[in-house]
Amino acid sequence: MDKLLNLAAGRPSMGKNPLQEDVGAEEWMVQLRRTVREVEVREQAPELVAPARYVLYADPQLLRRRHADSPSLLQLLEIVESCGPAVDVVLRQPLGTG
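Residues numbered from 1 in each chain as written. Predicted model: local features only at pLDDT ≥ 70, side-chain atom pairs only at ≥ 80, totals over all residues. Heavy atoms only, no water.

1. Details of unusual backbone geometry
In step 1: Positive phi values are uncommon outside glycine, yet Asp88 reaches one of about 65°.
In step 2: Residue Asp88 is classed as partly exposed on the basis of its relative accessible area, which comes to 28%. (Buried < 20%, exposed > 50% of the residue type's maximum accessible area, 1.4 Å probe, protein only.)

Okay, here's the thing in structure tokens:
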């Protein structure tokens, strides 16, 4: 059974609480918007950002399957995947998966 376990967003040192496995599209939209904002700040004003990797713990394929009916969520996910790595913003598999 595929579960969204041990999901968190942000810098690992910030101690974000894991997202629950039953989190819906709206909460993922919040997390992805926050991550896209991080990408934008790093692109436009890198001097304002601490030189640390920003990590969103998520399984992109699982998100695509579970939220295929949410084009906005899929668009945010695409932005993070395509633009994030250039500014050290990455998606990582949650602990206990893959």
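2. Things to note about the environment of Pro46
In step 1: Structurally, the position occupied by Pro46 is in the loop between helix H1 (25–44) and strand E2 (54–57).
In step 2: Take Pro46: its relative accessible area is 48%, and that puts it in the partly exposed class.
In step 3: For the pair Pro46 and Val87, spaced 41 residues apart in sequence, the C-alpha separation works out to 8.6 Å. (Helix = DSSP H or I, 4+ residues; strand = E, 2+ residues; numbered from the N terminus.)

3. Notes on the pattern of salt bridges
In step 1: Under the defined criterion, the tally for this structure stands at three salt bridges.
In step 2: Between Arg53 and Asp88 there is a salt bridge; the shortest N-O distance is 2.8 Å. Note that Arg53 is positioned in the loop between H1 and E2 and Asp88 in the loop between helix H3 (71–83) and strand E3 (89–92), a separation of 35 residues in sequence.
In step 3: Looking at Arg53, the relative accessible area reads 39%, which means it is partly exposed.
In step 4: When the shortest N-O distance is used, the salt bridge between Arg64 and Glu81 registers 2.2 Å. One end of the pair, Arg64, is in helix H2 (residues 60–66); the other, Glu81, is in helix H3, and 17 residues separate them in sequence.
In step 5: On the accessibility criterion, Glu81 (28% relative accessible area) is partly exposed. (Salt bridge = Lys/Arg side-chain N within 4 Å of Asp/Glu carboxyl O.)

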